[in-house]
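Report on the structure
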Amino acid sequence: MEQTTLASEHFVKGLKALNADDLAVAEAQFLAALRLLPGRPSVLVNRSVVYARQNRLAEALNLADEAVRQDAGDPLFWLQKGSVELRLERFEDALASFD
């Protein structure tokens with residue numbers, strides 16, 4: 001099976017687990033997708049969501065930052081970054097992310 005197809009399967013399984021609030025499975029699936037396609041911003045930002053839900057906010061912010069660096073044009077990446085910054089009480093940074 002092609003790496004991109006396999007990575008997509010892991011990504012979809014991760015999204016389903018995230019929607020079911022099964023954070024351990026979601027994290028494992030997103031990590032599996034990243035092993036096949038390192039640095040994929042959509043996977044990074046969803047892994048950030050997992051970490052934010054686990055209150056691993058520093059890690060969540062690092063992943064959201066990386067997703068924004070990879071694709072600054074995606075507003076969902078900025079939304080995740082700003083949401084984590086708000087939780088960290090980094091209000092000026094959050095405002096800039098939401099702007």
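Here we summarise the structure given alongside this text.

Conventions adopted
Residues numbered from 1 in each chain as written. Predicted model: local features only at pLDDT ≥ 70, side-chain atom pairs only at ≥ 80, totals over all residues. Heavy atoms only, no water. Helix = DSSP H or I, 4+ residues; strand = E, 2+ residues; numbered from the N terminus. Contact = heavy atoms within 4.5 Å. Buried < 20%, exposed > 50% of the residue type's maximum accessible area, 1.4 Å probe, protein only. Expected span 1.5 Å × (residues − 1).

Description of the side chain of Ser48
As for its position among the elements, Ser48 is in helix H3 (residues 41-53). Leave out the neighbours within four places in its chain, and Ser48 touches Ala60, Leu63, Ala64, Gln80 and Val84.

Structural notes on the environment of Pro38
Positionally, Pro38 belongs in the loop between helix H2 (23-36) and H3. Of the residues examined, Pro38 reaches a relative accessible area of 66% and is grouped as exposed. In this structure, the C-alpha to C-alpha distance between Pro38 and Ala7, residues 31 residues apart in sequence, is 9.9 Å.

Side note on H3
Between its first and last C-alpha atoms H3 spans 18 Å; for 13 residues at 1.5 Å apiece the expected length is 18 Å, and the two agree. When you tally the buried positions in H3, you get 11 out of 13 residues, the bulk of the element. Taken together, the buried positions of H3 are occupied by Pro41, Val43, Leu44, Val45, Asn46, Arg47, Ser48, Val49, Val50, Tyr51 and Ala52. Where the residues of H3 are buried, they touch helix H1 (3-19), H2, helix H4 (57-70) and helix H5 (75-87). Phi turns positive one or two residues past the end of H3, at Asn55, with a value near 60 degrees.

Keep in mind that these numbers describe shape and distance, not what the molecule does.
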